[in-house]
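Structural overview
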Amino acid sequence: MKIPILMYHQIDEPPPRGTALRGLIVAPSSFAWQMRMLRMLGYKGLSMRDLEPYLRGEKQGKVVGITFDDGYQNNVIHALPVLKSNGFTATCYGVSSMIGGTNAWDLGKVAQKPLMTLDDWLAWHGAGMDVGSHTRGHVDLDTLSDTEARQQISQSKLELERTLQCEVRHFCYPYGHYSPQHTEMAREAGYVSATTTRRGRVSPGDETMTLRRIMVARATNPLQFFMKIATTYEDRRA
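Keep in mind it's a predicted model, so treat the numbers as computed, not measured.

**As for the overall build of the chain**
A tally of helices and strands in the chain yields seven helices and 10 strands. In summary, the chain has a C-alpha radius of gyration of 16 Å against a globular reference of 18 Å for 238 residues, a match within 12%. Its C-alpha atoms give the chain principal-axis dimensions of about 45 × 40 × 35 Å. Looking at the chain residue by residue over its 238 residues, the buried ones come to 54%. Partitioning the intrachain contacts of the chain with sequence separation of at least 6 by distance along the chain shows that 66% fall at a separation of at least 24. As displayed, the chain has an accessible area near 10100 Å², and 52% of this comes from carbon and sulfur atoms.

Next comes the structure, spelled out in structure tokens:
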């Protein structure tokens, strides 16, 4: 059984053509038909927390993991109502020191967008969604010393748990950059899984600290979306 884990960033109206990283912004209308398609095809959209027994092979079924990187406020505005209407759950990976801030790590490259506030995070979790960690400052772990990287990985978990009063079990490597020592740091910090930007679906029993995902881009059309979910389309690009 192959399990697709979808990777989203922003759910918002895409900026003008030529804007950097425009492909990472999926229109609300596109996200809505994607979730409807999953439900019509018999899939259940699940957070990483709810996906755990499937990753361990304890449960089987037509399931899809749904993840959002960075914690943009537009995820709460546009994605949360759609997830709820379809009976799905999802994980949003937050940057613990930037709650209520903006995507400052992209400063000078793309427009600054608001990140989820404390109230947004509480609404997200209160709606049955999952909170994951994306380090303290959306840092490139490969550029840090081991001490700095360990602090970014472990402290973000503790900060999110203390601030939101919920367990944070899942981690995501910013920029998809990681080394073997970072996977061990994530494990030692108490995370159950860590997701990457490597393409492909996952299988029960795969190494949980280097899980592959499937990026859904602005231009993903219905046929591509179906192929990404239900065929070996993404697996061949692993």
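Moving on from the model shown.
**Structural notes on the layout of surface pockets**
With a probe scaled to a water molecule rolled over the atoms, the places where space remains empty come into view. Put simply, the largest pocket is a space of about 390 Å³. By residue class, the composition of the lining of the largest pocket is 13 nonpolar, seven polar and five charged.

**Here we look at empty space enclosed by the protein**
Evaluation of the coordinates by the stated rule reveals one cavity of 30 Å³ or more. Residues of the lining of the largest cavity, tallied by class, amount to six nonpolar, one polar and one charged.

**Some words on a nonpolar patch on the surface**
Together, Leu 41, Leu 223 and Phe 226 give the surface a local cluster of nonpolar side chains, amounting to about 260 Å² of exposed area. Locating Leu 223 in the fold gives a position in helix H7 (residues 222-230).

**As for the environment of Ala 90**
Relative to the elements of secondary structure, Ala 90 occurs in the loop between helix H3 (73-86) and strand E6 (91-94). Judged by relative accessible area, which is 0%, Ala 90 ranks as buried. Once the C-alpha coordinates of Ala 90 and His 125 are considered, the two residues, 35 residues apart in sequence, prove to be 9.9 Å apart. Aside from chain neighbours lying at most four places away, what touches Ala 90 is Leu 46, Ser 47, Ile 66, Phe 68, Leu 83, Trp 124, Met 129 and Asp 130.

**Focus on the pairing of E6**
Of the two faces of E6, both are covered, the one formed by Thr 91 and Tyr 93 as well as the one formed by Cys 92 and Gly 94. One ladder, built from four bridges, connects strand E5 (residues 63-70) with E6; its direction is parallel. Note that in E6 the partner of Phe 68 across the bridge is Cys 92. Where E6 and strand E7 (residues 130-133) come together, four bridges link them in parallel fashion. Note that in E7 the partner of Tyr 93 across the bridge is Gly 132.

**A look at the packing of helix H1 (residues 28-40) against H3**
Where H1 contacts H3, the axes come no closer than 10 Å and their chain directions differ by 20°. Between H1 and H3, the angle is such that the two are roughly parallel. Like other packed secondary-structure pairs, H1 and H3 cross with a definite hand, here right-handed. Across from Pro 28, Phe 31, Ala 32, Met 35, Arg 36 and Arg 39 in H1, the residues of H3 making contact are His 78, Ala 79, Val 82, Leu 83 and Asn 86.

**What about the pattern of salt bridges?**
Summed over all chains, the structure comprises 15 salt bridges. For Glu 52, the salt bridge identified is with Arg 169, shortest N-O distance 2.7 Å. A residue pair is termed long-range when its members are at least 10 positions apart, and Glu 52 in helix H2 (residues 48-55) and Arg 169 in the loop between helix H5 (146-164) and strand E8 (170-172) qualify at 117 residues. Take Glu 52: its relative accessible area is 6%, and that puts it in the buried class. Residue Arg 136 is joined to Glu 159 by a salt bridge in which the shortest nitrogen-to-oxygen separation is 2.6 Å. Residue Arg 136 is located in the loop between E7 and H5, and its partner Glu 159 is located in helix H5; the two are separated by 23 residues in the primary sequence. Using a relative accessible area of 26% as the deciding quantity, one classes Arg 136 as partly exposed. The exposure class assigned to Glu 159 is buried, which follows from its relative accessible area of 13%. Shared partners join several salt bridges into a network, and the residues in it are Glu 52, Arg 56, Glu 58, Glu 167 and Arg 169.

What counts, and at which threshold
- Residues numbered from 1 in each chain as written.
- Predicted model: local features only at pLDDT ≥ 70, side-chain atom pairs only at ≥ 80, totals over all residues.
- Heavy atoms only, no water.
- Helix = DSSP H or I, 4+ residues; strand = E, 2+ residues; numbered from the N terminus.
- Rg over C-alpha atoms; globule rule 2.2 N^0.38 Å.
- Buried < 20%, exposed > 50% of the residue type's maximum accessible area, 1.4 Å probe, protein only.
- Contact = heavy atoms within 4.5 Å.
- Areas by Shrake-Rupley, 256 points an atom, 1.4 Å probe, with all protein chains shown as cover.
- 1 Å grid on protein atoms, 1.4 Å probe; cavity = no way out; pocket = protein on both sides within 12 Å on 5 of 7 lines; lining within 4 Å.
- Points joined across faces, edges and corners; volume = space filled by probe spheres on them.
- Nonpolar A, V, L, I, M, F, W, Y, C, P; charged D, E, K, R; others polar.
- Patch = residues over 30% accessible without salt bridge, like charges linked within 9 Å, V, L, I, M, F, W, Y side chains within 5 Å.
- Salt bridge = Lys/Arg side-chain N within 4 Å of Asp/Glu carboxyl O.
- Pairing = 2+ DSSP bridges.
- Axes fitted to C-alpha atoms, helices over the stretch in contact; angles between N-to-C directions.
- Parallel < 35°, antiparallel > 145°, perpendicular 65-115°, else oblique.
- Left-handed = near helix turned anticlockwise from the far one by under 90°.

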